[in-house]
Protein chains: 2
Amino acid sequence: MKKQITLKDIAKELDVSISTVSKALKNSDEIGHDTKEKIQAFAKLYNYRPNNIAISLKNKRTRNIGVIIPNIVHYFFATVVRGIENFANAHGYNVIVCVSDESFDKEVINMEMLANGSIDGFIMSLSSETQLKNDYNHIREVMDQGIPLVFFDRATDEIDCDKVIINDREAAYQAVNKFVNSGRKRIALITSENFLNVSDERAKGYFQALREHGIEIAENLVLKLPYIDIDEKVVQKFFSQNKIDAVLCVNEVFAVQCMRFVQKTGIKVPEDISFIGFTDGLLSKYATPSLTAINQHGEDMGEMAAKMLVEKIESEADEDTYRIEILKATLVERESTVN
Amino acid sequence: MKKQITLKDIAKELDVSISTVSKALKNSDEIGHDTKEKIQAFAKLYNYRPNNIAISLKNKRTRNIGVIIPNIVHYFFATVVRGIENFANAHGYNVIVCVSDESFDKEVINMEMLANGSIDGFIMSLSSETQLKNDYNHIREVMDQGIPLVFFDRATDEIDCDKVIINDREAAYQAVNKFVNSGRKRIALITSENFLNVSDERAKGYFQALREHGIEIAENLVLKLPYIDIDEKVVQKFFSQNKIDAVLCVNEVFAVQCMRFVQKTGIKVPEDISFIGFTDGLLSKYATPSLTAINQHGEDMGEMAAKMLVEKIESEADEDTYRIEILKATLVERESTVN
DNA sequence: TTGTAAGCGTTATCAT
DNA sequence: ATGATAACGCTTACAA
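Small disclaimer: the values here were computed from a predicted structure and weren't measured.

Residue and element names in this part refer to chain A. Strand order in the open sheet made by the 6 strands is β7-β6-β8-β9-β10-β12, with mixed pairing throughout. Sheet topology places β7 (222-225) and β12 (330-332) at the edges, where each strand pairs with a single neighbour. Taken pair by pair, the neighbouring strands of this sheet meet at an average axis angle of 20°, ignoring direction. Direction of pairing for strand β8 (residues 246-249) relative to strand β9 (residues 274-278): parallel, over a ladder of 4 bridges. By the bridge assignment for β9, Val-247 is matched with Phe-275. Contacting β6 (187-192), β7, β8 and β9, helix α10 (residues 197-212) runs over the sheet at an angle of about 170° to β6. Most of the contacts of helix α11 (residues 232-241) go to β7, to which it runs at about 180°, and overall it touches β6, β7, β8 and β9.

Laid out in structure tokens, this is it:
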């Protein structure tokens, strides 16, 4: 248990003052050549490393970015974190990832934990529970403390701050267009039970496309599913009770599972029913048939968010202007659709 | 930009000393009832929060755990992180996740970054490049500094420290047994190109099972694949040139992709060829046919690792005894195998 | 060229 | 019951 060597230790050992050591290690030209050499050699020999915590306290800057994601097993969030890491590490920042697990309480606790000096700014996507409660006081508190915050994906209009999102509505709209253009008319939407703004946007795009094509909107063609433990029977009943020839799903887990369930009943994908799902992840790629998917460009989104945050952190002026960046989702065509 | 309020601010405002404020907020009974009330009320009103950084500096403890994982998109690592978070947050620790991206350099940089005071201990799984280079000096340095470290999954015998792993060899052995018991004899192994200890262990189990069943070991029944960009042709050639009736894959991505490739050539799974893959993730569950998989219990592993680390951190004595916990993998039977 | 001292926000020890 | 002071490790005016 060799304890970390400090400036003080070096100073004592070499019989100089602490500030001399500090300056020498910074290669300040206030310090004489010989002393500098001596000190640097000694520091290297004993493997001196400045203590981040002390520097943070002094500078009031940690070079840490706090990231709060709703869950970690979804491919999309994983790629966003990777994008954040890319940018952050390249710019000398650490990333502290916390997972809210779709829980309001965990989101609040994590944010409070991090806000007390551990980080210079937040990048986050709201938990479903938070969106359901529509309670954003913890966010406001953090912002009132002057901590910069960037939302990605699941943002809220209630809070004025930097955001980076994709054109969810437009992407859903295009997906439905694709269905219509290939001759499909009985188009279903499978979405999440809980109240996510992104799901809402996607639903809007879905309805808009139907409307513009003069296709009647039928409430019974919209199915809401829970995040976990999807009931096979419910899905199969949905498909047997309604004549459906195309389905838009708000995430790939829904899409891939539903494809499996309907195929079991003898339905052919894409001949009888076409599928398109949001999130172009591993599941989409390896499903049978492979899934035509909407790529949300998570890595780009993460890099963008990190860039926006770092700019805010490093800009001296605390202007009250906020940016909203909208990335374009792209459709990746695979086997689950026809042309 | 309302700056965080400090003890000093409260002291000045209430015209008492800083130490009085500190004690009052800790409910020390050194402080008179009235002053205490007054201070606590004021602190609450102005939403006082102790500064973590200052406390860390004072206590030489950060209550942060550094986690280094090789990548974040693999389901297994995601579940381990979740397990670590579970335990850590429940015990008042933050989790700082860094991703080495299977790169030695990134692993080293991340560890150095975190080791300089940001964290109280490490939980990590080695990058493939590190295992290939077989260079563990960065790990030794960290341990020499007295920072506790726990390996999970991809560990190395070169370093003496706490570890939590699964019985990879045994699990592979059992999987092959299952194949043999269902009448399969031409059993292939699909493993990773790079030199991962876990892959090696799994290969050992594979060979051991074959040997014990008196099945000839054929080098050409072992296929090594790169992590990304698997060449469909290579896989199909492998299956066409060798009569194969069962395959053990060291991860689910390999398994699911290979299943797709062979099915395209008209081969039936599991009738013609059975498949078993390591990692019981979403891919295994939603593949067609669904994949019989070896569950590595990532969440348990993460919790276990966090528990071991926190115990080390909080134990005063720095004994030099290390624990190796071996979790039991379990086989989850699905449609890609027969009985 | 080198050193002194204050300060970042907290806690703990030792006065008063 | 309250306060002064030192300390954690570092940076940086300001002296010398």
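Let us keep going from here.
Under the fitted operation, chain A is carried onto chain B by 0.0 Å of movement along the axis and a turn of 180°, and the coordinates agree to an RMSD of 0.1 Å. Viewed as a symmetry operation, the transformation between the two copies matches a two-fold axis. No C-alpha of chain A approaches the rotation axis more nearly than that of Ile-96 of chain A, which lies at 2.2 Å. When the interface residues of chain A are mapped onto chain B, 98% of them are again interface residues, pointing to one common binding face.

So, about the pattern of salt bridges. Throughout the structure, instances matching the rule amount to 36 salt bridges over all chains. For the salt bridge of Lys-264 of chain B with Glu-232 of chain B, the shortest nitrogen-to-oxygen distance reads 3.3 Å. Separated by 32 residues along the polypeptide, Lys-264 of chain B in helix α12 (residues 252-264) and Glu-232 of chain B in helix α11 (residues 232-241) bring together distant segments of the chain. Residue class for Glu-232 of chain B comes out partly exposed when judged on its relative accessible area of 22%. What you see here is one network of salt bridges that share partners, running through Lys-307, Glu-311, Arg-323 and Glu-325 of chain A.

Its domain assignment divides chain A into domain 1 (7-50), domain 2 (62-165 + 298-327) and domain 3 (168-296). The C-alpha-based centres of domain 1 of chain A and domain 3 of chain A are spaced at 65 Å.

Listed per partner, the contact involves 58 residues of chain A and 58 residues of chain B. Taken together, the two surfaces of chain A and chain B that pack against each other cover about 5,200 Å², and 55% of this comes from carbon and sulfur. In terms of surface lost to chain B, no three residues of chain A exceed Ile-53, Arg-260 and Tyr-286 of chain A, which account for 14% of the buried area on that side. At the surface where chain A touches chain B, the tally comes to 4 salt bridges. With its nearest N and O atoms 4.0 Å apart, the salt bridge here joins Glu-112 of chain A to Arg-49 of chain B. In this assembly, chain A and chain B are joined by 17 residue pairs in polar contact (both at pLDDT 80 or more). Secondary structure elements with two or more residues in the side of chain A that touches chain B: α4 (52-59), α5 (75-90), β2 (94-99), α6 (104-115), α8 (137-144), α12 (252-264) and α13 (282-286) of chain A. In terms of residue count, α5 of chain A provides more of the side of chain A that touches chain B than any other element does, 8 residues in total.

Close contacts around DNA strand C come from 27 residues, with Ser-19, Thr-20, Lys-23, Gly-32 and Lys-58 of chain A the closest. At the protein interface, 63% of the atoms of DNA strand C within 4 Å belong to sugar or phosphate. One of the backbone nitrogen or oxygen atoms of Ser-17 of chain A is found 3.0 Å away from a phosphate oxygen of DNA strand C. Residue Ser-19 of chain A places a side-chain N or O atom 2.7 Å away from a base oxygen belonging to DNA strand C. When contributions to the surface near DNA strand C are tallied by element, the ones reaching two or more residues are α2 (18-25) and α4 of chain A together with α1 (7-14), α2 (18-25) and α4 (52-59) of chain B. The greatest single-element share of the surface near DNA strand C, amounting to 4 residues, is contributed by α2 of chain B. Residue classes in the surface near DNA strand C are distributed as 9 nonpolar, 9 polar and 9 charged.

With 165 residues, the main nonpolar core has Leu-248 and Phe-275 of chain A together with Leu-248 and Phe-275 of chain B as its most contacted residues. Judged by nonpolar contacts, the second largest core, of 39 residues, contains Leu-114, Met-124 and Cys-161 of chain A together with Ala-115 of chain B.

Looking now at empty space enclosed by the protein. In total, this model carries 4 cavities of 30 Å³ or more according to the counting rule given. Considered as a void within the structure, the largest cavity measures approximately 430 Å³ in volume. Every residue lining the largest cavity is counted, 36 residues in all, and those nearest its centre are Val-73, His-74, Tyr-75, Phe-76 and Glu-252 of chain B. For the lining of the largest cavity, the secondary structure elements donating two or more residues are α5, α12 and α13 of chain A together with α5 (75-90), α10 (197-212), α12 and α13 (282-286) of chain B. With 4 residues, the top contributor of residues to the lining of the largest cavity is α5 of chain B. Split by residue class, the lining of the largest cavity holds 21 nonpolar, 10 polar and 5 charged. Considering only enclosed or pocket space, the second largest cavity measures out at about 180 Å³ in volume. Every residue lining the second largest cavity is counted, 15 residues in all, and those nearest its centre are Arg-154, Arg-202, Tyr-227, Val-250 and Asn-251 of chain A.

Structurally, the α-helix is built with 3.6 residues per turn, so residues lying three or four positions apart point the same way. By the N-cap criterion, in which a side-chain oxygen at the helix start approaches the backbone nitrogen of a residue two or three places on, α4 of chain A is capped by Asn-51 of chain A, the distance to Ile-53 of chain A being 2.7 Å. With its phi angle positive at about 55°, Lys-60 of chain A sits one or two positions after the end of α4 of chain A.

With that settled, consider the sheet that holds strand β7 (residues 222-225) of chain B. Residue and element names in this part refer to chain B. What the 6 strands build is an open sheet, ordered β7-β6-β8-β9-β10-β12; its pairing is mixed. Unpaired on one side and paired on the other, β7 and β12 (330-332) mark the two borders of the sheet. This sheet shows a mean twist of 20° between the axes of neighbouring strands, independent of strand direction. Together, β6 (187-192), β8 (246-249), β9 (274-278), β10 (292-295) and β12 form the strand contacts of helix α9 (residues 168-181), whose direction differs from that of β9 by roughly 170°. Strands in contact with α12 are β6, β7, β8 and β9; relative to β9, the strand with the most contacts, it is inclined by about 155°.

Our next topic: the packing of α4 of chain A against α4 of chain B. Close contact between α4 of chain A and α4 of chain B brings their axes to 9 Å; oriented N to C, the two are set at 140°. Accordingly, the angle class assigned to the pair α4 of chain A and α4 of chain B is oblique. Regarding α4 of chain A and α4 of chain B, the two cross each other, and that crossing is left-handed. Along its contact with α4 of chain A, which presents Ile-53, Ala-54, Ser-56 and Leu-57 of chain A, the element α4 of chain B presents Ile-53, Ala-54, Ser-56 and Leu-57 of chain B. Of the residues in the contact of α4 of chain A with α4 of chain B, the class split is 6 nonpolar, 2 polar and no charged.

Further remarks concern the protein's contact with DNA strand D. Around DNA strand D, the surrounding shell holds 28 residues, and the nearest of these are Tyr-48 of chain A together with Thr-20, Lys-23, Gly-32 and Lys-60 of chain B. Within 4 Å of the protein, the contacting atoms of DNA strand D are 63% sugar and phosphate, with bases supplying the remainder. Ser-22 of chain A is positioned with one of its side-chain polar atoms (N or O) 3.1 Å from a phosphate oxygen of DNA strand D. Between DNA strand D and Ala-54 of chain A there is a distance of 3.5 Å, counted from a base nitrogen to a backbone nitrogen or oxygen. Among the secondary structure elements, those contributing two or more residues to the surface near DNA strand D are α1 (7-14), α2 and α4 of chain A together with α2 and α4 of chain B. Here the surface near DNA strand D takes 4 residues from α2 of chain A, the largest share from any one element. Of the residues that constitute the surface near DNA strand D, the class distribution is 9 nonpolar, 9 polar and 10 charged.

Basis of the calculations
- Residues numbered from 1 in each chain as written.
- Chains lettered and ligands numbered in written order.
- Predicted model: local features only at pLDDT ≥ 70, side-chain atom pairs only at ≥ 80, totals over all residues.
- Heavy atoms only, no water.
- Pairing = 2+ DSSP bridges.
- Helix = DSSP H or I, 4+ residues; strand = E, 2+ residues; numbered from the N terminus.
- Axes fitted to C-alpha atoms, helices over the stretch in contact; angles between N-to-C directions.
- Contact = heavy atoms within 4.5 Å.
- Least-squares fit on C-alpha atoms with pLDDT ≥ 70 in both.
- Salt bridge = Lys/Arg side-chain N within 4 Å of Asp/Glu carboxyl O.
- Buried < 20%, exposed > 50% of the residue type's maximum accessible area, 1.4 Å probe, protein only.
- Domains from an automatic or database assignment.
- Buried area = accessible area lost by both parts, 1.4 Å probe.
- Polar contact = N/O pair within 3.5 Å; in protein donor to acceptor, adjacent residues only side chain to side chain.
- Near = heavy atom within 4 Å.
- Nonpolar A, V, L, I, M, F, W, Y, C, P; charged D, E, K, R; others polar.
- Core = buried A, V, L, I, M, F, W, Y, C linked by side-chain atoms within 4.5 Å.
- 1 Å grid on protein atoms, 1.4 Å probe; cavity = no way out; pocket = protein on both sides within 12 Å on 5 of 7 lines; lining within 4 Å.
- Points joined across faces, edges and corners; volume = space filled by probe spheres on them.
- Parallel < 35°, antiparallel > 145°, perpendicular 65-115°, else oblique.
- Left-handed = near helix turned anticlockwise from the far one by under 90°.

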